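Next come the chains, spelled out residue by residue.
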Amino acid sequence: DTWQIQASLLSDVDDDSIVYESLTPEIATVDENGLVTPVKSGTATIKVSSASGKYTENVTVTINKYILFAKQGPYYDLPEEFQSTVHFSEDTSNQYFGQPDMIRTKTGRLITSFPQGHGHGPLIMKISDDNGDTWTQKNDIPASWATSQETPTMYVLNLPDGTERLMLITANPSWDLDRGGWSTSYSDDNGETWTEFEHFHQTFPNGDKRRTIVAMSSLVQLKDEEGNLIPKWMGIFHDDSYVNYKTILSFDENGNEQWTEPETILAEYRNIESTYQMCEIGMFRSPDGNRIVGLARSQSHNNPSTLIYSDDEGKTWSKPMDLPGNLAGERHKAIYDPISGRLFITFRDIQFDLNGNNQFDGANDWICGDWTAWVGTYEDLMNQEPGDYLINLDYDWANSRYSGDTGYTGLVVLEDGTIIADTYGHWDKDFSQSWGGGVTTDRCYIRQVKFKLGQFEEALGLVDKDALQAFVNEHNPSAGDWTSASFAAWTKALNAAKYVLASNEMQQVQVDEALKALEDAFNNLKPAEGQTVNTSALELVVNTSSDMTGGENAKHYAASVLEAFKAAIDKAAAVLANAAASQAEIDTATDELHGDLLNLRMLPDEKALEELKNSLN
């Protein structure tokens, strides 16, 4: 939409016209009549002045993007070959295993932990030393883990002395023990041994119990003013009133944990936080590392998921921003794909706006979905765009109107782009659909997915290799015609391109990079000694083009056409003048200028046309 600024000038000056200028053109532009056109969400400032400059006023315009709350897709199912089971029980009296988390240590070991029960219960830990191909249950665990009151969260911390500390944290809500605060356990030996639970901030300063939930939903290492990582970590949790808190973790000289007194992070936006029931905020950094971004669940189920960010290491936070329906969900976890740089965000899927009016109409207008992932760029996320696509990682069959008892995810990514994730869910359709004992006692177990985005996208035909294949087919230089160094570079690029063509796990960005490298190698081929570069064709087309458009002939062409064509001539002439130009570069320049010449159009000759008409009459 656009918005018209209404302005008038009461003045005794002769020129009473008004001048409009956008001081924030990246947010919104304004034309000479004061019509404001939005560019993206944000706050724009429009300067309104008299022509004389004597009178000036700034107008503030808030731009909110119109977003769709329903899922837009496209949705794709993850092939079964990428799915496996981590933990399962046939015993119907003990068959519910809940929300897991997962970490990867510097040795490559994967460690996952989850409760035996919905949301809380004795913790189970399993370890994999083969990137999730097999899992082994760890039985020598701390006795205090049997008293865990909530879903565990896990983090890898790198301490200043070189120690890799593995942290396991569980919140203490108002469940059976009513313990308050949160409990932590850690390992400094790659998960071989763990400390017993230690409890922190169990009460408020006034003595009331601090009933925390999902601690820590995030634990982000902080930076100093120069952008260097420091040995402090910001933990995030919420309480049963949907107030979100931060607390800063550090360690004393003896390695003992120090957690600061929790403080609220969204007090300025408490009305939104409370209305939306924002919670379980999953945080990550922007690609440049300077911004901390958080994605929040909306427990009200009558509002969208939201995004907040901080550009000052968590001291202040932006106003919560609504996210489009493709990101509607619960317990968002994010990683960056190291191949394309895109975000991969997992969550329990929520589908809003079932009646299609783009409003929230209560309990009958939404359902919980399945274990889902969103794929898109950081810019997509920040600009409230729907992203590239959604993946149904696995289907949850909980026997409930709202289904969707799944989606709390342990998530890691390997250096080669392999994504490994696990979560809980009701994966046995026949069993769950016939279970009469309630969702929280149904058969619920831990499943894993392991795949690369390239594997997934190639399997679905989302990657186009035609241009690369065509270039390989059409170019076959002979080794004897070129210097050994330049031909070796061509051979290396050609082999890399053939590998990309033969692989079934390439993303489009890898295909495009292979094509660019092959084109560059071809254009950089240098003639071997005794081999001469033939420039005659290029000389001919340059001379012909210059003659046709130079001198008196220039009048036959529109100025803009002539200017563009002369730029093409100059480009070709520069290649011709380059003594080091390869035959491939000469041939490319010849073909390009010849194509431009064929497309050159003259101005209509009205006199000649009139003479032709008269002769026909």
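Structure: see above.
Residue positions are counted from 1 within each chain, in the order its sequence is given. Only residues with pLDDT of 70 or above have their local features reported here, since the model is predicted, and side-chain atom pairs are shown and tallied only from 80 upward, although totals for entire chains, interfaces and linings are computed over all residues. Hydrogens and water molecules were not included; the side-chain quantities draw on all heavy atoms of the structure.

Caption draft 1: A look at the side chain of Thr153. Among the secondary structure elements, Thr153 is positioned in strand S13 (residues 152–158). By relative accessible area, Thr153 is classed as buried at 2%. Polar contact is defined as a pair of N or O atoms within 3.5 Å, subject to the rule that within protein one atom must be able to donate a hydrogen and the other to accept it, and that residues adjacent in sequence are counted only when both atoms are side-chain atoms. In terms of polar contacts, Thr153 uses its side chain to reach the backbone carbonyl oxygen of Ala215, at 3.3 Å. Residue contacts follow a heavy-atom distance rule, with two residues in contact if any of their heavy atoms lie within 4.5 Å. Residue contacts for Thr153: discarding those within four places in its chain leaves Asp101, Met167, Leu168, Ile169, Ala215, Met216 and Arg331. The helix count covers DSSP runs of H or I at least four residues long, the strand count covers runs of E at least two residues long, and both are numbered beginning at the N terminus. Working definition: with a 1.4 Å probe on protein chains only, accessible area under 20% of the residue-type maximum means buried, over 50% means exposed, and in between means partly exposed.

Caption draft 2: Region of interest: the environment of Gly329. Inspection of the secondary structure assignment puts Gly329 in strand S26 (residues 329–336). Judged by relative accessible area, Gly329 falls into the buried class, the value being 3%. Note: C-alpha distance between Gly329 and Asp349 (20 residues apart in sequence) is 4.5 Å. When sequence neighbours within four positions are dropped, the list of residues in contact with Gly329 reads Arg297, Ser305, Phe347, Arg348, Asp349 and Ile350.

Caption draft 3: Quick look at the environment of Ala485. Secondary-structure assignment places Ala485 in helix H6 (residues 484–502). Measuring from C-alpha to C-alpha, the distance between Ala485 and Ala528 comes to 9.9 Å, with 43 residues separating the pair along the chain.

Caption draft 4: A look at the sheet that holds strand S2 (residues 18–22). Only strands joined by at least two bridges in the DSSP assignment are considered to pair. Reading across the sheet, the 3 strands line up as S2-S5-S6 and stay open at both edges, with antiparallel pairing between neighbours. Edge positions in the open sheet fall to S2 and strand S6 (56–63), since each of these has one partner strand only. Adjacent strand axes in the sheet meet at a mean angle of 25°, parallel and antiparallel pairs treated alike. In this description, a line fitted to the C-alpha atoms serves as the axis of each element, helices being fitted only across the stretch in contact, and the angle between N-to-C directions of two axes falls anywhere from 0 to 180 degrees.

Caption draft 5: Examining helix H5 (residues 466–474) more closely. Every buried residue belonging to H5 is among Leu468, Phe471 and Val472, and all of these are buried. Viewed along the axis of H5, the buried residues span an arc of 100°, placing them on a single side of the element. Across H5 from its buried face, at more than 90 degrees, point the exposed residues Asp466, Asn473 and Glu474. The inward-facing, buried residues of H5 abut H6 and helix H7 (508–523). Regarding the arc, it is the one traced by the directions from the helix axis to the C-beta atoms.

Caption draft 6: Just the nonpolar core, in detail. In this structure, Leu468, Trp490 and Leu518 are the most contacted members of the largest nonpolar core, which totals 21 residues. Among the elements of the structure, H5, H6 and H7 are those that each provide at least two residues to this core. The dominant element in this core, judged by the number of residues it contributes, is H6, at 7 residues. Residue contacts for Trp490: discarding those within four places in its chain leaves Phe471, His475, Pro477, Leu518, Ala521, Phe522 and Leu525. By convention a nonpolar core is built from buried Ala, Val, Leu, Ile, Met, Phe, Trp, Tyr and Cys residues, the set being connected through side-chain atoms within 4.5 Å. Counting 19 residues, the second largest nonpolar core, distinct from the first, contains Phe82, Ile335, Phe451 and Phe456.

Caption draft 7: Up close: the side chain of Ser305. Looking at the element boundaries, Ser305 is found in the loop between strand S23 (292–298) and strand S24 (306–310). Under the relative-accessibility criterion, Ser305 is labelled buried at 2%. Among the polar contacts listed, one links the side chain of Ser305 to the backbone nitrogen of Gly329, at a separation of 3.2 Å. With residues near it in sequence (within four places) discarded, Ser305 still touches Ala296, Ser298, Met321, Asp322, Leu323, Leu327, Ala328, Gly329 and His332.

Caption draft 8: Region of interest: the sheet that holds S13. Strand order in the open sheet formed by 4 strands is S13-S14-S15-S16, and the pairing between neighbours is antiparallel. The open sheet has two edge strands with one neighbour each: S13 and strand S16 (198–200). Neighbour-to-neighbour, the strand axes of the sheet open up by a mean angle of 30°, direction not taken into account.

Caption draft 9: Here's a closer look at unusual backbone geometry. Each neighbour pair has its own omega, and for Gly73 with Pro74 the value is 0°, a cis peptide bond. Relative to the helices and strands, Pro74 resides in the loop between S6 and strand S7 (75–77). Note the cis peptide between Ala215 and Met216, where omega equals -10°. Looking at where Met216 falls in the secondary structure, it is placed in strand S17 (residues 212–223). Of note in this structure, Asp353 is not a glycine but carries a positive phi near 55°. Within the element layout of this structure, Asp353 appears in the loop between strand S27 (343–352) and strand S28 (366–376). The exposure class assigned to Asp353 is buried, which follows from its relative accessible area of 7%.

Caption draft 10: Region of the structure containing the packing of aromatic side chains. Any two of the Phe, Tyr and Trp rings considered here, Trp counted by its six-membered ring, make a pair once their centres fall within 6.5 Å; the pair's planes then place it as stacked at under 30 degrees, edge-to-face at over 60, or tilted in between. Summed over the entire model, instances satisfying the criterion amount to 24 aromatic pairs. A ring pair is formed by Tyr408 and Tyr424, whose centres lie 6.2 Å apart and whose planes are at 70°; its orientation type is edge-to-face. A residue pair is termed long-range when its members are at least 10 positions apart, and Tyr408 in the loop between strand S29 (389–394) and strand S30 (410–413) and Tyr424 in strand S31 (residues 418–425) qualify at 16 residues. A residue is classified by how much of its surface remains accessible, and Tyr408, at 8% relative accessible area, is buried.

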